[in-house]
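Descriptive structure summary
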Amino acid sequence: MIRALGTHGRAALRECVRRGALLAFDFDGTLAPLVSDPQRAMLRPETHRLLTRLARQQPCLVLSGRGPDDLAQRLRGIPLADIVGNHGASFGLGPRARAAAVSRAARWRVRLAEQFDGRTGLQLEDNGVSLAIHYRRAANRAAARRTIRHAIEALPGARALDGKCVVNVLPVAYAHKGLVLRTIARARRATHVLFVGDDVTDEAAFRTAVAPHYVTVRVGRGAQSAASYSLGSQAGIDELLRILLGALGRL
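A few points on the structure. Just so you know, these numbers come straight off a predicted model, no measurement behind them.

Before going further, it helps to examine the nonpolar core. Considering soluble globular proteins, one finds that nonpolar side chains tend to be buried as a cluster. Counting residues in hydrophobic clusters, the biggest one holds 37 residues, and the most contacted among them are Phe-25, Phe-27, Leu-194, Leu-240 and Leu-244. Those elements that place two or more of their residues in this core are helix 1 (7-18), strand 2 (22-25), helix 2 (45-57), strand 3 (60-63), strand 9 (192-197), strand 10 (213-219), strand 11 (229-231) and helix 8 (237-247). A per-element tally of this core places helix 8 first, with 7 residues. Sequence-distant contacts of Leu-244, defined by excluding residues within four places in its chain, comprise Leu-13, Val-17, Leu-23, Phe-25, Leu-54 and Leu-194.

Next comes the structure, spelled out in structure tokens:
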């Protein structure tokens, strides 16, 4: 992958903005640093300031595995064009379909909570339509992941989606981030789109033909990533946002 903060990467980012691109970002590990307790994840003040300024000038959205309401709280004050949670599983759901999806996930949660009772290092996160089981604190992460995936296999209508020290529980049929981003781009008639993500859960979006001109950035190391550009670490997100603002003449 080409460095996003290198000469070619900076040129691609600037061109995106100058063409009025739709700008999309993952949350954990991209806009916000990864932390051992997911409930404590938040934007750094400078990231919040830069993203707020950018969103006032250019359509920006956030796609994350978190629930939409949780995201809205963590992104309060930023005039985003859209917030999409649950890795896309909640996108476009009407009230009845959403209620049914939440009810199904609640049944999954009860069964998983029973199976994981007494196991240390596992944290079950309820995101409404989907669940996330974190194992960053597990003594044996590989064994914890196997245990989690085995438990998910027994859940009716569920599938597992691996992330960084987390396994997500999603409906078997769901619109992943790439499909959601393409739908939004088409609705907005966006010919240029930028997507920045950090996890294997973002690879579907990196691989999807979202728009005629699509720039993808993987945060962190990912030798097998389908993204076109790489950002060395999450700490570089502020510089990336400054490049986008600079192309608008807003710095």
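This next bit is on the packing of helix 1 against helix 8. Contact geometry for helix 1 and helix 8: axes closest at 8 Å, N-to-C directions at 50°. When the interaxial angle is binned, helix 1 and helix 8 end up oblique. In this structure, the crossing between helix 1 and helix 8 has a hand that is right-handed. Across the interface between the two elements, Arg-10, Leu-13, Arg-14, Val-17 and Arg-18 from helix 1 touch Glu-239, Leu-240, Ile-243, Leu-244 and Ala-247 from helix 8. A class-by-class count of the residues in the contact of helix 1 with helix 8 yields 6 nonpolar, no polar and 4 charged.

With that out of the way, let us pick up helix 8. Most of helix 8 sits out of view: 8 of its 11 residues are buried. Among all positions of helix 8, only Ile-237, Asp-238, Leu-240, Leu-241, Ile-243, Leu-244, Leu-245 and Ala-247 are buried. Tucked inside the fold, the buried residues of helix 8 contact helix 1, strand 2, helix 2, strand 9, strand 10 and strand 11. The positive-phi residue at the C-terminal boundary of helix 8 is Gly-249, with phi of around 70°.

In this section: the environment of Leu-80. Note on placement: Leu-80 falls in the loop between helix 3 (68-74) and strand 4 (82-84). For Leu-80, a relative accessible area of 17% puts it in the buried group. It is 29 Å that separates the C-alpha atoms of Leu-80 and Arg-104, two residues lying 24 residues apart in sequence. With residues up to four places along the chain from it excluded, the contact list for Leu-80 reads Cys-60, Leu-61, Val-62 and Leu-75.

With a phi close to 60°, Asn-86 is a non-glycine residue in the positive phi region. Relative to the helices and strands, Asn-86 resides in the loop between strand 4 and helix 4 (95-116). The class for Asn-86 is buried, based on a relative accessible area of 0%.

Conventions adopted
- Residues numbered from 1 in each chain as written.
- Predicted model: local features only at pLDDT ≥ 70, side-chain atom pairs only at ≥ 80, totals over all residues.
- Heavy atoms only, no water.
- Core = buried A, V, L, I, M, F, W, Y, C linked by side-chain atoms within 4.5 Å.
- Buried < 20%, exposed > 50% of the residue type's maximum accessible area, 1.4 Å probe, protein only.
- Helix = DSSP H or I, 4+ residues; strand = E, 2+ residues; numbered from the N terminus.
- Contact = heavy atoms within 4.5 Å.
- Axes fitted to C-alpha atoms, helices over the stretch in contact; angles between N-to-C directions.
- Parallel < 35°, antiparallel > 145°, perpendicular 65-115°, else oblique.
- Left-handed = near helix turned anticlockwise from the far one by under 90°.
- Nonpolar A, V, L, I, M, F, W, Y, C, P; charged D, E, K, R; others polar.

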